[in-house]
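Analysis of the macromolecular model
Each chain, letter by letter, is given below.
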Amino acid sequence: MDLLVSSFEIVPGAHFKARQRQCPDEDGQVQEKPGVHNGPAGPWSALEITYITFTCADVGDQLEQYVDNVGMVRRVVETFIGPRTYDLVYARVGSQVITAGAKGSASVTAVAGHDAGTWEATLRIEQPAGRSLKLSFPSSQEYDFQLRDSGGAILWTWSADRVFSQVVHQRDVNGFSATVTVPRPAATSKGEQVLTLEAWLTSAKDGPQFLAATTIVNQQVKDEGKQ
């Protein structure tokens, strides 16, 4: 069965049910007038979709912006510390490269862990040579990791079972890296699963934002220690 995740049809006053999202009860509305995207990768006129959540207080989408022949260039989501904005900083569309220029970058990688039932995931933040960046963090938490299935459902969140002190602090993020152990979900009878691993810095919303994602193929793991 096909589920509608986003609608791009402009119907004045109409709403649609936005499925497969962090908050399961979201309504989206395509705005009649185009919005202005002023992100780091360049200014554009963008199609805007606004969202309303009815049952989720601290999670859910607020806004998405889309540009013709590019795709999504901005997403604003609600968190327990307020709205967080994610902007496009790099894309390759055919022979065209869209880039934010001399900006920092974020990447996340995952490799098999020492335990057969885990992955070791690493978030890295890099800055151009000679440039320094100091970020503010609203708590002792500085990063987070999240694993999603192919439908977008959250399978695991690194911070879910941790407690952080609510102390504002700053940190120089030049050459920043953080590694965590990600539990491997049980493989299904359908064979391999394609999962999405996301990682980001939990810096203050009024400063630069860093988010990275990668895909992981989950296959049945054999326990070689048992007969």
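Residues numbered from 1 in each chain as written. Predicted model: local features only at pLDDT ≥ 70, side-chain atom pairs only at ≥ 80, totals over all residues. Heavy atoms only, no water.

This part covers the side chain of His-37. Locating His-37 in the fold gives a position in strand 3 (residues 35-39). Residue class for His-37 comes out buried when judged on its relative accessible area of 0%. One polar contact links His-37 to Gln-65, side chain to side chain, over a distance of 2.8 Å. Those residues within four positions of His-37 in sequence are excluded, and the remaining contacts are Gly-42, Pro-43, Trp-44, Ala-46, Gln-65, Val-73, Arg-74 and Asp-87. (Helix = DSSP H or I, 4+ residues; strand = E, 2+ residues; numbered from the N terminus. Buried < 20%, exposed > 50% of the residue type's maximum accessible area, 1.4 Å probe, protein only. Polar contact = N/O pair within 3.5 Å; in protein donor to acceptor, adjacent residues only side chain to side chain. Contact = heavy atoms within 4.5 Å.)

Moving on, we get to the sheet that holds strand 14 (residues 154-157). With antiparallel pairing, 4 strands are arranged side by side in an open sheet as 14-13-17-18. The sheet is open, and its two borders are formed by strand 14 and strand 18 (211-218), each paired with just one other strand. Averaged over all pairs of adjacent strands, the angle between strand axes in this sheet comes to 20°, irrespective of strand direction. Alignment of strand 13 (residues 143-148) against strand 17 (residues 193-201), held across 6 bridges, turns out to be antiparallel. Bridge pairing in strand 17 places Leu-147 opposite Leu-197. (Pairing = 2+ DSSP bridges. Axes fitted to C-alpha atoms, helices over the stretch in contact; angles between N-to-C directions.)

Topologically, Ile-154 is positioned in strand 14. Distance from Ile-154 to Gln-22, taken between C-alpha atoms, is 7.5 Å for residues 132 residues apart in sequence. Beyond its immediate sequence surroundings of up to four residues, Ile-154 is in contact with Gln-22, Gln-146, Leu-147 and Arg-148.

Take the packing of aromatic side chains next. Evaluated as defined, the whole model comprises 6 aromatic pairs. Residues Phe-16 and Tyr-51 carry aromatic rings whose centres are separated by 6.3 Å and whose planes lie at 80° to one another, so their mutual orientation is edge-to-face. Linking Phe-16 in strand 1 (residues 16-18) with Tyr-51 in strand 4 (residues 42-53), this pair joins segments that are 35 residues apart in sequence. The two residues Phe-16 and Tyr-51 agree in class, both being buried. Site record: aromatic cluster; members linked through ring pairs are Tyr-143, Phe-145, Trp-158, Phe-164 and Phe-176. (Phe/Tyr/Trp six-rings, centres within 6.5 Å; stacked < 30°, edge-to-face > 60°.)

Another point: the nonpolar core. Considering soluble globular proteins, one finds that nonpolar side chains tend to be buried as a cluster. If you look at the biggest cluster of nonpolar residues, it comprises 25 residues, and the most contacted ones within it are Leu-123, Tyr-143, Phe-145 and Leu-201. Residue assignment for this core shows that the elements contributing at least two residues are strand 11 (118-126), strand 12 (134-137), strand 13, strand 16 (176-183), strand 17 and strand 18. Excluding residues that lie within four positions of it along the chain, Tyr-143 makes contacts with Leu-123, Trp-158, Phe-176, Ala-178, Val-180, Trp-200, Leu-201 and Thr-202. Grouped together as the second largest cluster of nonpolar side chains are 7 residues, Ala-46, Val-67, Val-73 and Leu-88 included. (Core = buried A, V, L, I, M, F, W, Y, C linked by side-chain atoms within 4.5 Å.)

Do not read the predicted coordinates in detail wherever pLDDT is low. On average, the protein chain scores 84 in pLDDT, and the residues at 70 or more come to 89%. Predicted confidence in the protein chain is weakest over strand 9 (residues 96-99), with a mean pLDDT of 72, and strongest over strand 13, with 95. Low pLDDT, under 50, characterises residues 221-227; the predicted model gives this stretch 2 contacts beyond four residues in sequence or across chains. (pLDDT = per-residue confidence, 0-100.)

Here the focus is the pairing of strand 3. Side chains Gly-35, His-37 and Gly-39 of strand 3 all project onto a buried face; the interleaved residues Val-36 and Asn-38 project onto a face where none is buried. As judged from the 5 bridges shared by strand 3 and strand 4, these two strands associate in the antiparallel manner. Within strand 4, the residue paired with Gly-35 across the bridge is Ala-46. Here strand 3 hands over to strand 4 after 2 residues, the two strands then running antiparallel side by side.

On to the sheet that holds strand 16, then. Spatial ordering of the open sheet is given by 10-11-16, a layout of 3 strands whose pairing is antiparallel. In this open sheet, the two edge strands, each paired with only one partner strand, are strand 10 (105-112) and strand 16. Strand-to-strand, the axes of this sheet are offset by a mean angle of 20°, without reference to chain direction. Sheet topology note: the strand 11/strand 16 ladder contains 8 bridges and is antiparallel. Across the sheet, residue Arg-124 finds its bridge partner in strand 16, namely Ser-177.

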